[in-house]
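# Architecture at a glance
What follows is each chain in one-letter form.
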Amino acid sequence: MEKIRVIITNSQKEVKIPTGMRMLVRRCCNAVLRMEKFPYSAEISVTFVDNHEIRKLNAEYRNKDIETDVLSFPMGENGVYDENHATGAKILGDVVISIPKALEQAQLYGHSFEREVGYLTVHSVLHLLGYDHENGGLERVRMREKEEYVMDELGLPSSGAYSYGEKP
């Protein structure tokens, strides 16, 4: 696998980012690209925001005037990506995570804040690679299997609420 550059920006002040969280996000991005056998150098931008900002983005880009946990903004389509001409890396896109929403969901689901942010990162990177779950069915199940496979690989397994069986 080629070099993966993950650019992380914390644009919120509501929740303190724990030590090691940025490294976890980088590990999640790398694990997804390794699982998918992504053959190129890549760049992914991850931004931590508050609920107000993610609601604004969700309204602007998805016409949904509600808070959400994570948004993905892919820069490619059908395996064709923009390229950073200085480095040759494929620009996969942007991941935006609401840190307060992630903390709330971690408490709701009874797992660690780190697991929630890791899961949201994995989920979003799969979207950057073209996976979609919006239509449900087999595609949704397949995406969930991949998410849980990566989370298991990273030592952050599910409580069982999301598992569908075999690994990808």
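Here we summarise the structure given alongside this text.

Rules behind the numbers
Residues numbered from 1 in each chain as written. Predicted model: local features only at pLDDT ≥ 70, side-chain atom pairs only at ≥ 80, totals over all residues. Heavy atoms only, no water. Salt bridge = Lys/Arg side-chain N within 4 Å of Asp/Glu carboxyl O. Helix = DSSP H or I, 4+ residues; strand = E, 2+ residues; numbered from the N terminus. Buried < 20%, exposed > 50% of the residue type's maximum accessible area, 1.4 Å probe, protein only. Contact = heavy atoms within 4.5 Å. Axes fitted to C-alpha atoms, helices over the stretch in contact; angles between N-to-C directions. Parallel < 35°, antiparallel > 145°, perpendicular 65-115°, else oblique. Left-handed = near helix turned anticlockwise from the far one by under 90°. Nonpolar A, V, L, I, M, F, W, Y, C, P; charged D, E, K, R; others polar.

## Here's the deal with the pattern of salt bridges
This structure, assessed with the given rule, holds 10 salt bridges. Of the charged contacts in the structure, one is a salt bridge between lysine 101 and glutamate 104, with a shortest N-O distance of 3.7 Å. On the criterion of helical spacing, the pair formed by lysine 101 and glutamate 104 is a turn pair, its members being 3 residues apart in helix 3 (residues 99-109). Given a relative accessible area of 42%, glutamate 104 falls into the partly exposed group. A salt bridge links glutamate 145 to arginine 142, with the nearest nitrogen and oxygen atoms 3.1 Å apart. Remark: arginine 142 and glutamate 145 occur in helix 5 (residues 137-153); sequence separation between them is 3 residues, near one turn of the helix. When its relative accessible area of 16% is taken as the criterion, glutamate 145 is described as buried. The exposure class assigned to arginine 142 is partly exposed, which follows from its relative accessible area of 33%. Salt bridges sharing common partners tie together Glu67, Lys101 and Glu104.

## Points about the environment of valine 46
Considering the arrangement of structural elements, one finds valine 46 in strand 2 (residues 42-49). Through-space distance from the C-alpha of valine 46 to that of isoleucine 97 is 7.5 Å; in sequence the pair is 51 residues apart. Those residues within four positions of valine 46 in sequence are excluded, and the remaining contacts are Val6, Ile7, Ile8, Thr9, Val25, Val95 and Ile97.

## Thoughts on the environment of valine 125
With respect to the secondary-structure elements, valine 125 resides in helix 4 (residues 113-128). By relative accessible area, valine 125 is classed as buried at 0%. The spatial distance from the C-alpha of valine 125 to the C-alpha of valine 95 is 7.4 Å, given a sequence separation of 30 residues.

## Observations concerning the packing of helix 3 against helix 4
Contact geometry of helix 3 with helix 4 gives a least axis separation of 8 Å together with a crossing angle of 120 degrees. When the axis of helix 3 is compared with that of helix 4, the two are oblique. Crossing hand, helix 3 versus helix 4: right-handed. Contacts between helix 3 and helix 4 involve Ile99, Ala102, Leu103, Gln105, Ala106 and Tyr109 from the former and Phe113, Glu116, Val117 and Leu120 from the latter. By residue class, the composition of the contact of helix 3 with helix 4 is 8 nonpolar, 1 polar and 1 charged.

Everything listed here is a matter of coordinates, which is why it stays silent on function.
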